[in-house]
Amino acid sequence: MSPSPYLRAVDRDGKTELAAAGSWTASHATELERVIDAVDGDAAVAKAAAINMRGIEAFDTYGAWLLERLIRSHEARGQILPIVGLAERYQGLLEEVRHVNREATDAKADANFVVLTLETVGRGVENLGRDLVMFVNMLGSLCFAAMAMVLKPRSFRLMSAVHHLDRVAWQAVPIILLITFLIGGIIAQQGFFHFRKFGADDYVVDMVGILILRELGVLIVAIMVAGRSGSSYTAEIGSMKMREEIDALRTMGLDPVSILLLPRVVALVIALPLLTFLGSMAALYGGGLVAWLYGGMNPEIFIARLKEAISLTHFKVGLIKAPFMALAIGVVACSEGLKVRGSSESLGLQTTASVVKSIFLVIVLDGLFAIFFASIGM
Amino acid sequence: MNTLNEAPAIRVRDLVVGFGDRVVLDHLALNVRRGEILGFVGGSGSGKSVLLRTIIGLLPKRQGTIEVLGVDLGPANDEAWRALERRWGVLFQHGALFSSLTALQNVQVPMREHLVLSERLMREVALAKLEMVGLNARDGDKLPSELSGGMTKRVALARALALDPELVFLDEPTSGLDPIAAGDFDELIRTLQQTLGLTVFMVTHDLESLNTVCDRIAALADGKVIAIGSISEMRRSPHPWMKAYFQGKRGRKLSPGLSAMES
């Protein structure tokens, strides 16, 4: 192990001199900084005529910088501290360090707390407005691309849409079926548990049927799809943005919206109603199974009650909502993807934002639809 | 910095590296002396980067010994590796800056990891490093996505030099830079090598930098080092690949006098 750094005032020919020794290197930098700070604050040392570096055994940028710092702090007090005895091979390094850190670069000053809070709120509102504009913008360009597709059907990337349909619909079927099946079962179980207290067992079927077909089926599937496919859209588009692939498409005269985004959104708009249908059926199946095994209700009776309780309207209400929710998820996923900047951190940030915003929008849409259907009597 | 120590900076013996049934490095031997700048050339896909990555421990070797700064890497344990990693710096081909950190924070990463320093000293030394590679303090607050190609390489070099290493590995440091920037970068490497007493292992395709900064050049072909020596020795090599490389159109253009004299 190399010897510790060392700096001390000594008397030499009646003058005070700073004598340095040891290794002035990175691994001793903390020690060295302490030694130098101690010397720097000392009044007796302030009169030192020179600093003698003859005893130095090793010297690197860290040592050089700390030496330079000591000299500058002397200079600031109007004193000059010449260096003597520094080995030839270290001169170049010291010379290099002489020029650095001349510009004042104080770390950012802390702003007032109130100002900081106001700034955060202001930026939040500004971002919200910008998000809204971006959402509408993205919706507009997707509609435009869709119109172009209708006018020139051959320009549509069918292969791409089918590929994405496979990913967001077909490959999602098992997990969607499983989750909705479980949720249907849980709702039925809870219904039996609580309704039994006042002998309303039969109404469990009404509750399960209406709740699932109108609300829960589509809502759960939409949330699952937002987490599963919306996030992957954002990540894909975001990483393409990072690697300048989207810029490359633009320069080739190709429209990223119609090539990358439209097929994805179309796939999502087709997939969500299909998945909602499958999910609702699985949930009803789960509900029926629990009714049979837990509630002691025969499957024939369950089906007969279900026929009485629900009508085609309930089924339609659920299914009509699905494509709109899919559109919201797709638009949010694409616009968040395009917001990704160069860093990997921003990719993660936008993917999170995409999922959070699309789930929020799905629920808001569901609320709006509830008002709408209530007022038209569906 | 014990430059007087005679053990070579890098000593590779009988190294075999391969992927699947493809052997990339075939019983390769190489010595890098302390304090020299060694330029390493070879055709695309000849295994230059594989050699570099094997030496720094990113790829496994099948056979052979590698000694870096007097430490045999084969039996070295984690602690020895950590100690060794402090003594070398690596500049990756595309910079490999951490994209979520600013340039200054990137330079501070190895300091935070390996040293115990006060925030003030860390900031000052990191700024000093950035200035030494020709950037200014304002660039320190930029994120990698806001830096140009040349600046990225400079920040990456500053990061490689953060701990005052004895040995730096440079993977194509001048690729993607314009000739002026590449020339500046060469000069920078030369200056830093002299002031800091570095040993430099540089994989490069840039004939200009081979000519101006490298003390010695090693050439890789068919999984072996086929020649090692100064640039004029390289030019005299009878190996067909070397002839094509150093006496091709671009090779000749650099120093017509030398080629004319030799032919």
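Residues numbered from 1 in each chain as written. Chains lettered and ligands numbered in written order. Predicted model: local features only at pLDDT ≥ 70, side-chain atom pairs only at ≥ 80, totals over all residues. Heavy atoms only, no water.

Moving on to the packing of helix 10 (residues 256–293) of chain A against helix 12 (residues 312–338) of chain A. All names here are of chain A. The N-to-C vectors of helix 10 and helix 12 enclose an angle of 145 degrees; their axes lie 8 Å apart at closest approach. Judged by the twist between their axes, the crossing of helix 10 over helix 12 is right-handed. Contacts from Leu261, Val265, Leu268, Val269, Leu272, Pro273, Thr276, Phe277 and Met281 in helix 10 reach Phe315, Leu319, Ala322, Pro323, Met325, Ala326, Leu327, Ile329, Gly330, Cys334 and Leu338 in helix 12. Residues of the contact of helix 10 with helix 12, tallied by class, amount to 18 nonpolar, two polar and no charged. (Axes fitted to C-alpha atoms, helices over the stretch in contact; angles between N-to-C directions. Helix = DSSP H or I, 4+ residues; strand = E, 2+ residues; numbered from the N terminus. Left-handed = near helix turned anticlockwise from the far one by under 90°. Contact = heavy atoms within 4.5 Å. Nonpolar A, V, L, I, M, F, W, Y, C, P; charged D, E, K, R; others polar.)

All names here are of chain A. Under the 1.5 Å per step criterion, the end-to-end length of helix 5 (residues 113–151) is 56 Å for 39 residues, consistent within 8% with the ideal 57 Å. Residues Met138, Leu142 and Ala145 constitute the buried set of helix 5. Looking at the buried residues of helix 5, the elements they touch are helix 10 and helix 12. (Expected span 1.5 Å × (residues − 1). Buried < 20%, exposed > 50% of the residue type's maximum accessible area, 1.4 Å probe, protein only.)

Our focus in this paragraph is the pattern of salt bridges. Residues and elements named next belong to chain A. In this structure the tally under the stated criterion is 29 salt bridges over all chains. A salt bridge links Glu68 to Arg72; the nearest nitrogen and oxygen atoms lie 2.8 Å apart. With Glu68 and Arg72 both in helix 3 (residues 61–76) and four residues apart, this pair spans about one turn of that helix. The closest approach of N and O atoms between Arg123 and Glu119, which form a salt bridge, is 3.0 Å. One end of the pair is Arg123 and the other is Glu119, both in helix 5 and four residues apart, which spans about a single turn. (Salt bridge = Lys/Arg side-chain N within 4 Å of Asp/Glu carboxyl O.)

As a further point, take the state of the cysteines. Residue and element names in this part refer to chain A. Per the stated rule, a full pass over the model turns up zero disulfides over all chains. The thiol sulfur of Cys143 is not disulfide-bonded, and the nearest other cysteine sulfur, from Cys334, lies at 13 Å. Judged by relative accessible area, Cys143 falls into the partly exposed class, the value being 44%. (Disulfide = S-S within 2.5 Å.)

Time to look at the layout of surface pockets. All names here are of chain B. Approximately 470 Å³ is the volume attributed to the second largest pocket. If you go around the second largest pocket, you meet 16 residues; those closest to its centre are Glu85, Trp88, Gly89, Val90 and Phe92. Residue assignment for the lining of the second largest pocket shows that the elements contributing at least two residues are strand 6 (88–91), helix 3 (103–114) and helix 5 (149–160). Among the elements that take part in the lining of the second largest pocket, helix 3 stands out by supplying four residues, more than any other. Its residues assigned to classes, the lining of the second largest pocket shows eleven nonpolar, two polar and three charged. (1 Å grid on protein atoms, 1.4 Å probe; cavity = no way out; pocket = protein on both sides within 12 Å on 5 of 7 lines; lining within 4 Å. Points joined across faces, edges and corners; volume = space filled by probe spheres on them.)

The next point concerns the side chain of Glu33 of chain A. Relative to the helices and strands, Glu33 of chain A is located in helix 1 (residues 29–41). The exposure class of Glu33 of chain A is buried, given its relative accessible area of 7%. Side-chain polar atoms of Glu33 of chain A contact the side chain of Ser118 of chain B, separated by 2.7 Å. Non-local contacts of Glu33 of chain A, meaning those with residues more than four positions away in its chain, are made with Leu66 and Arg69 of chain A together with Ser118 and Leu121 of chain B. (Polar contact = N/O pair within 3.5 Å; in protein donor to acceptor, adjacent residues only side chain to side chain.)

To continue, consider the packing of aromatic side chains. Applying the stated criterion across every chain yields a total of ten aromatic pairs over all chains. Taking 6.3 Å as the distance between ring centres and 35 degrees as the angle between the ring planes, the aromatic pair formed by Phe181 of chain A and Tyr285 of chain A counts as tilted. On the criterion of sequence distance, the pair formed by Phe181 of chain A in helix 7 (residues 173–195) and Tyr285 of chain A in helix 10 is long-range, its members being 104 residues apart. What links up through ring pairs into an aromatic cluster is the set Phe40, Trp81, Trp88, Phe169 and Phe201 of chain B. Positioned above the aromatic ring of Tyr233 of chain A is the side chain of Arg264 of chain A, whose terminal nitrogen or guanidinium carbon lies 5.7 Å from the ring centre. Its end group placed over the ring of Phe98 of chain B, Arg159 of chain B keeps NZ or CZ at 4.6 Å from the ring centre. (Phe/Tyr/Trp six-rings, centres within 6.5 Å; stacked < 30°, edge-to-face > 60°. Lys NZ or Arg CZ within 6 Å of the ring centre and 35° of its normal.)

All names here are of chain B. Within the secondary structure, Leu157 sits in helix 5. Along the chain, Leu157 and Val133 lie 24 residues apart, while their C-alpha atoms are 7.3 Å from each other. Beyond its immediate chain neighbours, meaning those up to four positions away, Leu157 contacts Leu91, Val133, Leu170, Phe185, Leu188 and Leu192.

Let's shift gears to the sheet that holds strand 4 (residues 83–84) of chain A. Residue and element names in this part refer to chain A. Ordered by their spatial adjacency, four strands build an open sheet running 1-2-3-4, and the pairing between neighbours is mixed. Each edge of the open sheet is held by one strand with a lone partner, namely strand 1 (6–12) and strand 4. Summarising the sheet, strand 3 (residues 50–59) and strand 4 pair through two bridges and their orientation is parallel. Bridging across to strand 4, Ile51 finds its partner in Ile83. Helix 3 contacts strand 1, strand 2 (15–24), strand 3 and strand 4 of the sheet and is inclined by roughly 170 degrees relative to strand 3. Of the strands in this sheet, strand 3 and strand 4 touch helix 4 (residues 88–98), which is tilted by about 115 degrees from strand 3. (Pairing = 2+ DSSP bridges.)

So, on to the confidence of the model for chain B. Confidence in the prediction for chain B averages 81 pLDDT; 92% of positions are at 70 or higher. With pLDDT under 50 throughout, residues 256–263 of chain B is counted as low confidence; its partners more than four residues away or in other chains account for six contacts. (pLDDT = per-residue confidence, 0-100.)

What follows is about the sheet that holds strand 9 (residues 216–221) of chain B. Residue and element names in this part refer to chain B. Read across the sheet, six strands follow the order 6-7-8-3-9-10 without closing on themselves; strand pairing throughout is mixed. This sheet does not close on itself; its edge strands, each paired only once, are strand 6 and strand 10 (224–229). Strand-to-strand twist across the sheet, computed as the mean angle between neighbouring axes with direction ignored, equals 15 degrees. Relative to strand 8 (residues 199–203), strand 3 (residues 37–42) is paired through four bridges, and the arrangement is parallel. Pairing of Phe40 across the sheet is with Val203, part of strand 8.

All names here are of chain A. Closest axis-to-axis distance for the helix 8 (residues 203–242)/helix 11 (residues 299–309) pair is 9 Å, and the angle between their directions is 60 degrees. Here helix 8 is positioned oblique relative to helix 11, judged by the angle of their axes. Handedness of the crossing formed by helix 8 with helix 11: right-handed. Contact with helix 8, carried on its side by Tyr203, Val205, Asp206, Gly209 and Ile210, involves Phe302, Arg305, Leu306 and Ala309 of helix 11 and no other residues of that element. (Parallel < 35°, antiparallel > 145°, perpendicular 65-115°, else oblique.)

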